[in-house]
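One letter stands for each residue in the lines below.
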Amino acid sequence: MEKLRVGLAGAGAISQYHLVGWSEMTDAQVVAICDTDEARARAKAQAFSIPKVYTDFRAMIGQEKLDAVDIVTPVGSHAPLTRLAADAGLHVCCQKPLTPTVKEAEELIAYVGDRVRFMVHENYRFRPHYVRVKQWLDGGRVGDILHARMVVRGQSMIEVNGVPPFLLNRQPYLKDFRRLLIFEVLIHNLDALRALLGPLEVVATQVARVNKELAGEDVAVILMRGRGGLGVVLDGSISAPGYGPLPVDRLEIMGSKGTLIYDRDRLYMVGSDKPPEMFDLAKNYQVCFSSAVREFVQGIRSGNPFPTDRLDNLETLKLMESCYVAAGVKF
């Protein structure tokens, strides 16, 4: 079996995790990398033994014999690069958020159609702790789900002891995002909640801003409703003093038979004598990227649907956008 030949667009901070994931694949290989910053692209190419470097995406897909592309660029470039790839007959894996708005996503999905396979790299549902939560729920450990609450906390957007905000240091363009926390961070949690609980709709949203230098929100509380009147709350802040630079989660799911809690790195049933299952968050940060890459390759090979196919991800985008509509945020 010949290896899948992949071109990667974007050599920024997040590309490191994509490239590690691709390096773990035995039946796929990144053979070219493209970035407008040639030095940055060459550094990644050297680190991961990628033979070809480009500064122009169109040139890369025109000159290389590729099967697929992995798009790891800022959100504003996702649609035009995906269109070019689809026109060239290349399968597409594109970082989240797919596009700035649902309307643009719908237009892009319609344009691509079924000409190529099209997956969104929304990887949060692949985190080992949420894979395990899903197994517990499917196994009936909580019974009928009655209520769920997810709390997300990090100090990603505030200066601590003279150290610049973590996310702004890594992705400085986020400072100017008018839609920030929900659009860039909590979209992961919304997708994970959809994967765990089924379809959701937004009832109300409240947003706030702790770091006044930001254009968008860094605090949000979202009330949602699921099947059978299920109540779901997502409560997030990325300007929470005392927490680490990467946001951590606490999820409580109450059911007719029991209550499940996932808290930072442990998963357990309330009142159970069994010790909690523990998770290595640092290790698992890479695992979810690698899992998404693996799902993309396996989907292409098998023809089976991607877990985060563009149509599934469109529902996450609609949920995200509904949060801002409920909060009265214009875009």
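The structure contained in this document is the topic of the report that follows.

**Details of the sheet that holds strand 5 (residues 91-95)**
Pairing in this open sheet of six strands is parallel, and the strands run 3-2-1-4-5-6 from one edge to the other. The strands lining the two open edges of the sheet, one partner per strand, are strand 3 (52-54) and strand 6 (118-121). The average angle at which neighbouring strand axes cross in this sheet is 25 degrees, direction not considered. Here strand 4 (residues 68-71) runs beside strand 5; their pairing, made up of four bridges, is parallel. Bridge pairing links Ala-68 to His-91 in strand 5.

**Quick look at the sheet that holds strand 11 (residues 248-255)**
Sheet architecture is open: eight strands sit in the order 8-9-10-7-11-12-13-14, paired in mixed fashion. Edge positions in the sheet fall to strand 8 (201-208) and strand 14 (277-278), since each of these pairs with one other strand and no more. Strand direction decides the pairing type here: strand 9 (residues 219-225) and strand 10 (residues 231-237), joined by seven bridges, are antiparallel. Opposite Ala-220, over in strand 10, you have Gly-236 as the bridge partner. Helix 6 (residues 128-138) rests against strand 7 (145-153), strand 11, strand 12 (259-263), strand 13 (266-269) and strand 14 of the sheet, and its axis sits at about 175 degrees to strand 12.

**Some details on the nonpolar core**
Val-133 and Met-224 are the most contacted members of the largest nonpolar core, which has 78 residues in total. The dominant element in this core, judged by the number of residues it contributes, is helix 8 (residues 181-197), at 11 residues. Sequence-distant contacts of Val-133, defined by excluding residues within four places in its chain, comprise Leu-196, Leu-251, Ile-253, Leu-260, Tyr-262 and Leu-267. Listed in part, the 30 residues of the second largest apolar core include Leu-4, Val-6, Ile-33 and Ala-292.

**Some thoughts on the packing of aromatic side chains**
Inspection of every chain in the model, using the stated rule, returns 10 aromatic pairs. Between Phe-177 and Phe-183, the ring centres sit 6.0 Å apart and the planes meet at 65 degrees, which makes this aromatic pair edge-to-face. On the numbers, 5.6 Å between centres and 35 degrees between planes, the contact of Phe-296 with Phe-306 is tilted. Here the residue Phe-296 occupies a position in helix 9 (residues 281-302), and Phe-306 occupies one in the loop between helix 9 and helix 10 (310-327), the gap between them amounting to 10 residues. Here Phe-296 falls in the buried class, since its relative accessible area comes to 0%. One aromatic cluster is present, built from ring pairs that chain together Tyr-124, Tyr-130, Tyr-262 and Phe-279. The ring of Tyr-111 carries the charged tip of Arg-115 above its face, separated from the ring centre by 5.0 Å. When the ring centre of Phe-306 is taken as reference, the NZ or CZ atom of Arg-117 above it lies at 4.2 Å.

**Structural notes on unusual backbone geometry**
Most peptide bonds take the trans form, and the phi angle of most residues other than glycine is negative. Following Lys-96, the chain continues into Pro-97 via a peptide bond in cis, with omega recorded as -20 degrees. Counting through the fold element by element, Pro-97 comes out in the loop between strand 5 and helix 5 (102-112). Unusually for a residue other than glycine, Ser-49 sits at a positive phi of about 55 degrees. Phi angles above zero are rare outside glycine, and Arg-264 is one such case at about 60 degrees. Relative to the elements of secondary structure, Arg-264 occurs in the loop between strand 12 and strand 13.

**Considering the pairing of strand 10**
Of all seven residues making up strand 10, seven are buried, and the element is well covered by its neighbours. Here strand 10 shows no split at all, with Gly-231, Val-233, Asp-235 and Ser-237 on one side and Val-232, Leu-234 and Gly-236 on the other all buried. Both strand 7 and strand 10 contribute to a ladder of seven bridges, which runs parallel. In the sheet register, Arg-149 faces strand 10, and the bridge partner there is Val-233. The antiparallel hairpin formed by strand 9 and strand 10 contains five residues in its connecting segment, where Gly-228 sits at a positive phi of about 65 degrees.

**Digging into the packing of helix 8 against helix 10**
At a closest axis distance of 9 Å, the pairing of helix 8 and helix 10 adopts a crossing angle of 125 degrees. With respect to helix 10, the element helix 8 is oriented oblique. The two elements helix 8 and helix 10 cross, and the hand of that crossing is right-handed. Across the interface between the two elements, Leu-181, Ile-182, Phe-183, Ile-187, Leu-190, Asp-191 and Arg-194 of helix 8 pack against Asp-312, Glu-315, Thr-316, Leu-317, Leu-319, Met-320, Cys-323 and Tyr-324 of helix 10.

**Regarding helix 4 (residues 78-87)**
Where helix 4 is concerned, the buried positions are His-78, Ala-79, Leu-81, Thr-82, Ala-85 and Ala-86. Relative to the axis of helix 4, the buried residues are bounded by an arc of 165 degrees and lie together on one face. Positive phi appears at Gly-89, one or two residues downstream of helix 4, with a value of about 75 degrees.

**Here's the deal with the pattern of salt bridges**
The tally for this structure, following the rule as stated, stands at 23 salt bridges. For Asp-235, the salt bridge is made with Arg-149, and the minimal N-O distance between the two is 3.4 Å. Of this pair, Asp-235 sits in strand 10 while Arg-149 sits in strand 7, and the two are 86 residues apart along the sequence. One continuous salt-bridge network, built from bridges that share partners, spans Arg-125, Asp-191, Arg-194 and Asp-312.

So, how was this worked out
- Residues numbered from 1 in each chain as written.
- Predicted model: local features only at pLDDT ≥ 70, side-chain atom pairs only at ≥ 80, totals over all residues.
- Heavy atoms only, no water.
- Pairing = 2+ DSSP bridges.
- Helix = DSSP H or I, 4+ residues; strand = E, 2+ residues; numbered from the N terminus.
- Axes fitted to C-alpha atoms, helices over the stretch in contact; angles between N-to-C directions.
- Contact = heavy atoms within 4.5 Å.
- Core = buried A, V, L, I, M, F, W, Y, C linked by side-chain atoms within 4.5 Å.
- Buried < 20%, exposed > 50% of the residue type's maximum accessible area, 1.4 Å probe, protein only.
- Phe/Tyr/Trp six-rings, centres within 6.5 Å; stacked < 30°, edge-to-face > 60°.
- Lys NZ or Arg CZ within 6 Å of the ring centre and 35° of its normal.
- Parallel < 35°, antiparallel > 145°, perpendicular 65-115°, else oblique.
- Left-handed = near helix turned anticlockwise from the far one by under 90°.
- Arc of directions from axis to C-beta.
- Salt bridge = Lys/Arg side-chain N within 4 Å of Asp/Glu carboxyl O.

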